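Each chain is listed here by its residues.
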Amino acid sequence: MDWGWIVDNRDLILELLIEHIWLSAIPVVIGLAVALVLGVLAHTYRWAYPPLLVVVGVLYTIPSLALFIVLPVVLGTQILNPLNILIALTIYSGALLVRTVVDGLDAVPPAVRKAAEGLGYKRLTRIVTVELPIAIPVIVAGLRVVTVANISMVSVGALIGIGGLGELFTSGFQIRFVTEIIVGLVLSLLLAVTADLLLVFLQRKTTPWDRLGATA
Amino acid sequence: MIGDVWAYLTAAGSWQGSNGFAVRIFEHLQYVAGALLVAFLIAFPLGLLIGHTNKGVTVAVNAVNASRSLPSLGLLTLVVLFSGLGRAPVLVALTVLAIPPILNATYAGVRGVDKGAVNAARGMGMTEPQVLWQVELPVALPLVWSGIRSATLQTVATATIAAYVALGGLGRYVIDGFAVREFDEMLAGAALVSLLAIVLDLALAFATHVSVSPGLREPRKRRLTSPLKRPAPGNQSTAPAAG
């Protein structure tokens, strides 16, 4: 390990780390928003779910590097535009989270649904104010998978010029400099662990009623 | 632009020779098949063991989580820098990434088997290996297949990235094309590798359909017998497969 290099390049490393964070975080947020809308729709209009699953499955099957390259053609963006990475990761995040949202809503106990109906909740209000909160643990489980996957996938973008910490892998590889690669790996892993812990914390805060059940 | 790519993809010349599509697809499949085979031989027995005995679950969960957050490009560049250019280091890295999904799905599948069924099998006098092979494995099979499917997707995608540090595979077109800003070539590579992933996924879906016992195909039949208008299927078992 060349510790001197790390000290000398701390500004560059920090800049790449920050780029990495927003490249992986923004898609999770937008992907979740899209997945919530599509998931609630698919949960309500059941016939729409199987075809949606097919589309989502195909999207998820496309390898990330391929999607990074195909998107500029579809969107008309430049290949070096970070938007390509953001949109590609949003597609993956949304594709995975749609299933999670529907699974979460399906797992709401029928008795709860009936009780809400009995109290006079209209369908949409019931889903948003009763069923979605109960589905939070399932949705957060999906969010954790998506976030960690995004953090590791952003690096692939380095192969086409934008990849946050992934740029440490490509430049370290080109000049055969192991320290640079290890710095990238360690920071990437730390970022994933931190994001994961943050989501667990958020879940605890948003579902106080779940804590008794969780510890039992 | 799409027309150009189509012309490039369908030109007979693009398919022949050592940089032709046929050779590159074959190389890609070699990477995928090699890594999957080794990963399966390691992860499947281990998953069965962990699932059946319920021992080592925390170790498995942590290993799976850690490897999920491991950036494949970082792993590839590191492995190649340490062990030199060639196919073997890439195969090692691909295998490392293919193990967790199979391991995770196998032990989760076996653990998730209805305890009533397992105890009934024991009560009928089945030995532990019989319980595992004749009860737990058949019931866990859909999840095992889903693990193999996500491992396959992971390997196809990572084998593309591997072109950056190694030889061959469909990633060649993407990496080499980017180096000289030859977008037709990049797009052709991207299209072929996506197609390959989709075809392999469909093949595995078919294999699942053929090998899984008809008694385990749940959702439709239950609807007929249930008095509720829309019963909750509650099939959360599919969730952990993603990665």
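If you're wondering where the values come from, they're calculated on a predicted model, not measured in any experiment.

**Considerations on the overall build of chain B**
Secondary structure assignment for chain B yields 11 helices and zero strands. Helices (α) and strands (β) of chain B occur, in sequence order from the N terminus, as α-α-α-α-α-α-α-α-α-α-α. Relative to its full complement of 243 residues, chain B shows a buried share of 44%. Sequence separation of 24 or more characterises 73% of the internal contacts of chain B that already satisfy a separation of 6 or more.

**Details of the overall build of chain A**
A tally of helices and strands in chain A yields 10 helices and zero strands. In sequence order, chain A lays out its α and β elements as α-α-α-α-α-α-α-α-α-α. With the C-alpha coordinates of chain A rotated into their principal frame, the extents come out at 65 × 45 × 20 Å. Put simply, chain A has 216 residues, and 43% of those count as buried. Sequence-distant contacts, at least 24 apart, represent 69% of the contacts inside chain A between residues at least 6 apart.

**Points about the nonpolar core**
In this structure, B:Leu76, B:Ile102 and B:Ala162 are the most contacted members of the largest nonpolar core, which totals 123 residues. Leaving out residues up to four positions away in the same chain, B:Leu76 has contacts with B:Val90, B:Ala93, B:Ile161, B:Ala162 and B:Val165.

**What about unusual backbone geometry?**
Residue and element names in this part refer to chain B. Here Asn-54, not a glycine, exhibits a phi torsion of approximately 65 degrees, which is positive. Topologically, Asn-54 is positioned in the loop between helix H3 (21–53) and helix H4 (57–68). The phi dihedral of Arg-181 is positive, around 50 degrees, even though this residue is not glycine. With respect to the secondary-structure elements, Arg-181 resides in the loop between helix H9 (171–179) and helix H10 (183–211).

**Some words on the confidence of the model for chain A**
Per-residue confidence for chain A averages 91 on the pLDDT scale, and 97% of its residues sit at or above 70. The secondary structure element of chain A with the lowest average pLDDT is helix H10 (residues 210–215) of chain A, at 59, and the one with the highest is helix H2 (residues 10–44) of chain A, at 95.

**Concerning the interface of chain B and chain A**
Taken together, the contacts link 39 residues of chain B with 39 residues of chain A. Mapped onto the side of chain B that touches chain A, the elements with two or more residues apiece are helix H5 (72–83), helix H8 (128–161), H9 and H10 of chain B. Looking at the side of chain B that touches chain A, the element that brings in the most residues is H10(B), giving eight residues. Of the residues that constitute the side of chain B that touches chain A, the class distribution is 27 nonpolar, 10 polar and two charged.

**Here we look at the packing of H3(B) against H8(B)**
Residues and elements named next belong to chain B. Closest axis-to-axis distance for the H3/H8 pair is 9 Å, and the angle between their directions is 145 degrees. Here the hand of the crossing between H3 and H8 comes out right-handed. Along its contact with H3, which presents His-28, Tyr-31, Val-32, Ala-35, Leu-36, Ala-39, Leu-48 and His-52, the element H8 presents Leu-132, Glu-136, Ala-151, Thr-152, Thr-155, Val-156 and Ala-159. Its residues assigned to classes, the contact of H3 with H8 comprises 10 nonpolar, four polar and one charged.

**A word on the environment of A:Ala141**
Tracing the sequence through the fold places A:Ala141 in helix H7 (residues 123–154). Considering only alpha carbons, one finds A:Ala141 and A:Leu89, 52 residues apart in sequence, at a separation of 18 Å.

**Some details on helix H4 (residues 64–75) of chain A**
The terminal C-alpha atoms of H4(A) lie 16 Å apart, and with 12 residues this matches the ideal 16 Å at 1.5 Å per residue to within 8%. Listing the buried residues of H4(A) in full gives A:Ser64, A:Leu65, A:Ala66, A:Leu67, A:Phe68, A:Ile69, A:Leu71 and A:Pro72. Buried residues belonging to H4(A) abut helix H5 (82–106) and H7 of chain A together with H8, H9 and H10 of chain B. Phi turns positive one or two residues past the end of H4(A), at A:Gly76, with a value near 75 degrees.

**Examining the environment of A:Ala195**
Residue and element names in this part refer to chain A. Inspection of the secondary structure puts Ala-195 in helix H9 (residues 178–206). For Ala-195, a count of 21 C-beta atoms within 10 Å corresponds to the buried category. Sequence-wise, Ala-195 and Thr-179 are 16 residues apart; in three dimensions their C-alpha atoms are separated by 24 Å. In contact with Ala-195, not counting residues within four places along its chain, are Thr-147, Val-148 and Ile-151.

**Some words on the confidence of the model for chain B**
Residues and elements named next belong to chain B. Confidence in the prediction of chain B, expressed as mean pLDDT, is 84, and 89% of residues score 70 or more. Across chain B, the element-wise mean pLDDT spans from 47 in helix H11 (residues 219–225) up to 93 in H3. Contacts from residues 221–243, a stretch scored under 50 in pLDDT, to residues over four places away or in other chains number 35 contacts. Reported for the predicted complex are a pTM of 0.84 and an ipTM of 0.86.

**Things to note about the packing of H5(B) against helix H6 (residues 87–111) of chain B**
All names here are of chain B. The geometry of H5 relative to H6 is characterised by a closest axis approach of 9 Å and an angle of 145 degrees between their N-to-C directions. The handedness of the crossing between H5 and H6 is right-handed. Contacts from Ser-72, Leu-75, Leu-76, Val-79, Val-80 and Ser-83 of H5 reach H6 at Pro-89, Val-90, Val-92, Ala-93, Val-96 and Leu-97.

Reading the values: the criteria
Residues numbered from 1 in each chain as written. Chains lettered and ligands numbered in written order. Predicted model: local features only at pLDDT ≥ 70, side-chain atom pairs only at ≥ 80, totals over all residues. Helix = DSSP H or I, 4+ residues; strand = E, 2+ residues; numbered from the N terminus. Buried ≥ 20, exposed ≤ 12 C-beta atoms within 10 Å, placed from the backbone. Contact = placed C-beta atoms within 7 Å. Core = buried A, V, L, I, M, F, W, Y, C linked by C-beta atoms within 7 Å. pLDDT = per-residue confidence, 0-100. Nonpolar A, V, L, I, M, F, W, Y, C, P; charged D, E, K, R; others polar. Axes fitted to C-alpha atoms, helices over the stretch in contact; angles between N-to-C directions. Left-handed = near helix turned anticlockwise from the far one by under 90°. Expected span 1.5 Å × (residues − 1).

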